[in-house]
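What follows is the residue order along each chain.
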Amino acid sequence: MAQKPLQFRLNGAEKAVFVEDGANLLDVLRRSVGDLTAKRGCAQGGCGACTVLIDGVPGLSCLTLAETVEGRSVATAGGLPGDGSHPLQEAFMAHFAAQCGFCTPGMLMAATALLESTPHPDRDQVVHALSGNICRCTGYEPIIAAVLEVAGEGGGGRS
Amino acid sequence: MTVTVHCVPTVAEAAEAVARDRSARYFGGGTLLMRAVNEGADEVGILVRTTDPDLKRITSSGPSITLGAGVTMRAVLADPALAFLHPVARTIGGPALQAQATVGGNLFAPHPYGDMAAALLALDAEAACAGGPSRPLADLLRDTGTAGSQVVRSVSFTRPAAGTFRFRKVTRVRPTGAPVLSVAASIPVVSGRISGARIAWSAMAPRPLRAAEAERALEGCRPDATGIAGALAAAARGLDPPDDALASGWYRAEVAPVHLRRLLLEDGED
């Protein structure tokens, strides 16, 4: 299968890999780069577990043709502090906003994008921002509460 | 099937590349095609994409508006001049999907998708295809399947008068789930009577389409419960809505008049 070179920034670090023609960004992140934070849920764009930020904009990495991120910046939950000290991570823990945790990286990235564009969103804005991300455990309310708490604190930018 | 990606600089070249090979598919935002690629669909052998900047252009000249086929739902939402389309774009997936889903792609989205296509039908849009003249979008959707054998360059329409354009999406997963049905309408009222109404359905047929009988029934009627009764009776006449996991065709036909009534009597432009 034909391979193409691909260079992009992942969480601020330059990455250069070869990708198969037609590969999606999710597979490149997980298999070629080794960032396992974005999850493969439906691979159909329906669950949001693979949500990453591409040039600061939320994107579904499973539906993103990898070569389209050439020269661009990709942010994943892998770029958040490993000790869980980001305000969103702390709020998710405080509100028990993760149970199985499979959706959490996507939720965190969707929430990060929201808080960077809208530092003090209201509930409707939070619901809309998370509307493409499915959680089968929490019933959503703890997640919404966590994001609103961070918004109330005025935080939300990536550290 | 092994997938090959061809990237060309212009829409015209993309159209030529698509026409050359039966397994070639035009790649817009990728929300439909990447699903097929992820599933290993045999019929997709070549993805043809283009970096043509015209595709992402939104142009407005007087009342005329042209949306490049590559304009995303996110771009629509970011443009205050397109506020009448915001209720449509806002319901097409979450923010991540909206950043990828394009106006052109929505024209060829399979059932039950096609909310923007229905809105553009209600706006009486024309579609410009690569290598061909503009033609009514209704004709393009009627004649073309979801395989996308033509490459649409842009869609053009006239800005609706304030308060005349309406959109309603019925979904089981709010706010952005796939539609049970969607209905868009342009309802001009002249001297207290409806004149030149256009109504379009999505998810009520394999492809979005105009509700011609309901439109005719509205002509000259007052926009009240009595005036629209004929249109409600004709709402789903002649349609055979598809069954799917969201709703049966029977259910869609039964509730279509209910939602058309709400659209005509309760909804208004943002």
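Residues numbered from 1 in each chain as written. Chains lettered and ligands numbered in written order. Predicted model: local features only at pLDDT ≥ 70, side-chain atom pairs only at ≥ 80, totals over all residues.

Visitor: Sorry if this is basic, but what is going on with the overall build of chain A here?
Guide: Summing up its helical and strand segments, chain A has 5 helices and 5 strands in all. In terms of C-alpha radius of gyration, chain A reaches 15 Å, essentially the compact-globule figure of 15 Å for 159 residues. With the C-alpha coordinates aligned to their principal axes, the bounding extent of chain A is approximately 50 × 30 × 25 Å. Taking all 159 residues of chain A together, 51% fall into the buried category. Sequence separation of 24 or more characterises 58% of the internal contacts of chain A that already satisfy a separation of 6 or more. (Helix = DSSP H or I, 4+ residues; strand = E, 2+ residues; numbered from the N terminus. Rg over C-alpha atoms; globule rule 2.2 N^0.38 Å. Buried ≥ 20, exposed ≤ 12 C-beta atoms within 10 Å, placed from the backbone. Contact = placed C-beta atoms within 7 Å.)

Visitor: How should unusual backbone geometry be read in this particular structure?
Guide: As a rule of thumb, non-glycine residues mostly have phi less than zero, and peptide bonds are mostly trans rather than cis. With an omega dihedral of 5°, the bond running from His 111 of chain B to Pro 112 of chain B counts as a cis peptide bond. Looking at the element boundaries, Pro 112 of chain B is found in the loop between α6 (103–107) and α7 (115–122). Phi is positive for Asn 11 of chain A, which is not a glycine, with a value near 50°. Its place among the elements puts Asn 11 of chain A in the loop between β1 (3–10) and β2 (13–20). A positive phi is found at Tyr 140 of chain A, a non-glycine position, where the angle reads about 75°.

Visitor: How should I be thinking about the sheet that holds strand β10 (residues 179–186) of chain B in this particular structure?
Guide: Hydrogen bonds between backbone atoms are what pair the strands of a sheet, whose relative direction is either parallel or antiparallel. All names here are of chain B. Spatial ordering of the open sheet is given by β9-β10-β13-β14, a layout of 4 strands whose pairing is antiparallel. Sheet topology places β9 (165–171) and β14 (209–210) at the edges, where each strand pairs with a single neighbour. Across 5 bridges, β10 lies against strand β13 (residues 198–202) in antiparallel orientation. Note that in β13 the partner of Ser 186 across the bridge is Arg 198. Running at roughly 40° to β10, helix α11 (residues 249–265) makes contact with β9 and β10 of the sheet. (Pairing = 2+ DSSP bridges. Axes fitted to C-alpha atoms, helices over the stretch in contact; angles between N-to-C directions.)

Visitor: When you look at the sheet that holds β1 of chain A in this model, what are you seeing that I'm missing?
Guide: Residue and element names in this part refer to chain A. An order of β2-β1-β5-β3-β4 is seen for the 5 strands of this open sheet, with the pairing classed as mixed. In this open sheet, the two strands that pair with only one neighbour each are β2 and β4 (57–60). Averaged over all adjacent pairs, the angle separating strand axes in this sheet is 40°, with direction ignored. Strand direction decides the pairing type here: β1 and strand β5 (residues 73–75), joined by 2 bridges, are parallel. Each bridged residue has a counterpart across the sheet, and for Leu 10 the counterpart in β5 is Val 74. Taken strand by strand, helix α1 (residues 25–33) contacts β1 and β2, and its axis lies near 100° from that of β2.

Visitor: Sorry, what's going on with the domain arrangement of chain B here?
Guide: The figure often quoted for interface size is the accessible area lost as the parts come together. According to the domain assignment, chain B consists of domain 1 (4–50), domain 2 (53–158) and domain 3 (165–265). In this structure, domain 1 of chain B and domain 3 of chain B have C-alpha centres spaced 34 Å apart. (Domains from an automatic or database assignment.)

Visitor: Explanation requested: α11 of chain B in the structure shown.
Guide: Each α-helix turn comprises 3.6 residues. Residues three or four places apart therefore point the same way. Residue and element names in this part refer to chain B. The first and last C-alpha atoms of α11 sit 25 Å apart over 17 residues, in line with the 24 Å expected at 1.5 Å per residue. Of all the bends in α11, the greatest, near 35°, is centred on Val 255, and the proline Pro 257 appears no more than four residues after it. In the core, the buried residues of α11 are packed alongside β9, β10, α9 (212–218) and α10 (229–233). (Expected span 1.5 Å × (residues − 1). Bend = angle between axes of the 7 residues up to and from the residue.)

Visitor: Would you mind going over the pairing of strand β8 (residues 152–158) of chain B with me for this structure?
Guide: Residue and element names in this part refer to chain B. For β8, the buried fraction is high: 5 of the 7 residues fall into the buried class. Pairing analysis gives 5 bridges linking strand β5 (residues 64–68) to β8, with the strands arranged antiparallel. Paired with Ser 64 across the bridge in β8 is Thr 158. Relative to β8, strand β6 (residues 126–129) runs antiparallel, the two being bridged by 4 bridges.

Visitor: How should I be thinking about the interface of chain A and chain B in this particular structure?
Guide: Tallying the contact residues gives 26 residues for chain A and 21 residues for chain B. Taken together, the elements giving at least two residues each to the side of chain A that touches chain B come down to β4, α3 (104–117) and α4 (123–129) of chain A. The element best represented in the side of chain A that touches chain B is β4 of chain A, accounting for 4 residues.

Visitor: Explain the environment of Arg 172 of chain B here, please?
Guide: Residue and element names in this part refer to chain B. Along the polypeptide, Arg 172 turns up in the loop between β9 and β10. With 11 C-beta atoms packed within 10 Å, Arg 172 lands in the exposed category. On a C-alpha basis, the gap between Arg 172 and Cys 129 in space is 34 Å, while along the polypeptide they are 43 residues apart. Apart from the residues lying within four places of it in its own chain, the contact partners of Arg 172 are Gly 177, Val 180 and Leu 246.

Visitor: Would you take a moment to explain α3 of chain A for this structure?
Guide: If you check α3 of chain A, its first and last C-alpha atoms are 20 Å apart, about what 14 residues at 1.5 Å a residue would give, namely 20 Å. Along α3 of chain A, the positions that sit buried rather than exposed are Thr 104, Pro 105, Gly 106, Met 107, Leu 108, Met 109, Ala 110, Ala 111, Thr 112, Ala 113, Leu 114 and Leu 115 of chain A.

Visitor: I keep staring at the nonpolar core and nothing clicks. Help me out?
Guide: In globular proteins that are soluble, nonpolar side chains generally tend to be buried together. Ala 111 of chain A together with Ala 119, Leu 120, Leu 121 and Ala 122 of chain B are the most contacted members of the largest nonpolar core, which totals 140 residues. Here this core takes 8 residues from α3 of chain A, the largest share from any one element. (Core = buried A, V, L, I, M, F, W, Y, C linked by C-beta atoms within 7 Å.)

Visitor: Explanation requested: the pairing of strand β3 (residues 51–54) of chain A in the structure shown.
Guide: The side chains of a regular strand alternate between both faces of the sheet. Residues and elements named next belong to chain A. Of the two faces of β3, the one holding Thr 51 and Leu 53 and the one holding Val 52 and Ile 54 are both buried throughout. Where β3 lies against β4, 4 bridges are found, and the strand directions are antiparallel. Opposite Leu 53, over in β4, you have Pro 58 as the bridge partner. The hairpin formed by β3 and β4 contains 2 residues between the paired strands, and Asp 55 there has a positive phi angle of roughly 50°. Judged from the 2 bridges that link them, β3 and β5 form a sheet pairing that is antiparallel. By the bridge assignment, Ile 54 is partnered in β5 with Val 74.

Visitor: Would you explain the environment of Gly 56 of chain A in this entry?
Guide: Residues and elements named next belong to chain A. By the element assignment, Gly 56 lies in the loop between β3 and β4. With 13 C-beta atoms counted inside 10 Å, the residue Gly 56 sits in the partly exposed group. Gly 56 sits 18 residues away from Ala 38 along the chain, and the two C-alpha atoms are 16 Å apart. In contact with Gly 56, not counting residues within four places along its chain, are Ala 113 and Glu 116.

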